[in-house]
Each structure stands twice: as C-alpha cells, then as structure tokens.
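A look at the structure
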Amino acid sequence: MIVASGFVEANELDDVERVVNELKIRGIEVNEVNEEKVVFLVERETMAAVKAELDSLKDIDGVRNVYLAYYSLEGSDKGSEN
C-alpha cells in the first residue's frame, strides 16, 4: 500500500465544503481543514494509482493548488530480507 499526504488549497472559503465532499467521495481521508487548506491522506495499491489520484485533485472544482508533503515508497512496508 502506498500512502501520500498533503493538502489542497481551495480558491475561497465558500469552496471548502465542496472540495471536502469530493475528496471523501474519492475515498481520500480528510484529516484537517484550516481556512482554505484541506489536509488529506490517500492510500492506493501502486505508485501509479497514487500519482493518478494526486494529478486528478487539481481538476476538482474550487481547487487552486495541490501540495504533496509526504509519500511512501513501493516496498517500504516490506521487511529487509538479509
């Protein structure tokens, strides 16, 4: 499982509720809302799926920008095989 976290910035306060609802519909966890910033956590099976999801966030009506703060690497959840 690949995990990515960051925030989306809404154009204005009136857009925040719509953005939060769209994130939840897409199965993205909303961790915090601070004015126009909505902090999210997304989990997908592959890095390609995470990238596609993140790329699509900028197309949500009312989103100004998307910021990525953290992501895990594929295989990072596997133990070391020495």
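Residues numbered from 1 in each chain as written. Predicted model: local features only at pLDDT ≥ 70, side-chain atom pairs only at ≥ 80, totals over all residues. Heavy atoms only, no water.

Some remarks on the sheet that holds strand β3 (residues 37-44)
Pairing in this open sheet of 4 strands is antiparallel, and the strands run β2-β3-β1-β4 from one edge to the other. Because the sheet does not close on itself, it has two edges, and the strands there are β2 (29-34) and β4 (63-71). Strand after strand, the sheet turns through a mean of 20° between neighbouring axes, direction not considered. In the sheet, strand β1 (residues 2-10) pairs with β4 via 7 bridges, with the strands oriented antiparallel. (Pairing = 2+ DSSP bridges. Helix = DSSP H or I, 4+ residues; strand = E, 2+ residues; numbered from the N terminus. Axes fitted to C-alpha atoms, helices over the stretch in contact; angles between N-to-C directions.)

Remarks on the nonpolar core
In summary, soluble globular proteins display a tendency toward joint burial of nonpolar side chains. One finds V8, V19, L23, V38, F40, L54 and L57 to be the most contacted residues of the largest nonpolar core, which totals 17 residues. Broken down by secondary-structure element, the contributors of at least two residues to this core are β1, α1 (13-25), β3 and α2 (47-57). The residues touching V8, leaving out its near neighbours within four places in the chain, are V19, L23, E36, K37, V38, F40, L57, V63, N65 and V66. (Core = buried A, V, L, I, M, F, W, Y, C linked by side-chain atoms within 4.5 Å. Buried < 20%, exposed > 50% of the residue type's maximum accessible area, 1.4 Å probe, protein only. Contact = heavy atoms within 4.5 Å.)

Concerning the packing of aromatic side chains
The full count for this structure, using the stated rule, is 1 aromatic pair. The interplanar angle of 25° and the centroid separation of 4.6 Å between the aromatic rings of F7 and Y67 together place this pair among those described as stacked. Here the residue F7 occupies a position in strand β1, and Y67 occupies one in strand β4, the gap between them amounting to 60 residues. (Phe/Tyr/Trp six-rings, centres within 6.5 Å; stacked < 30°, edge-to-face > 60°.)

Regarding the pairing of β1
Counting buried positions along β1 gives 7 out of 9 residues, so the element sits mostly inside the fold. Looking at chain direction, β1 and β3 are connected through 8 bridges and run antiparallel. The partner of A4 across the bridge, within β3, is V42.

What to know about α1
All buried positions along α1 are accounted for by D15, V16, V19, V20 and L23. Taken down its axis, α1 places every buried residue within 140° of arc, on the same side. Counted as exposed and oriented over 90 degrees from the buried face of α1: D14, E17, K24 and I25. G27 occupies a position one or two residues after α1 and carries a positive phi of about 80°. (Arc of directions from axis to C-beta.)

Shape descriptors only; they carry no functional weight alone.
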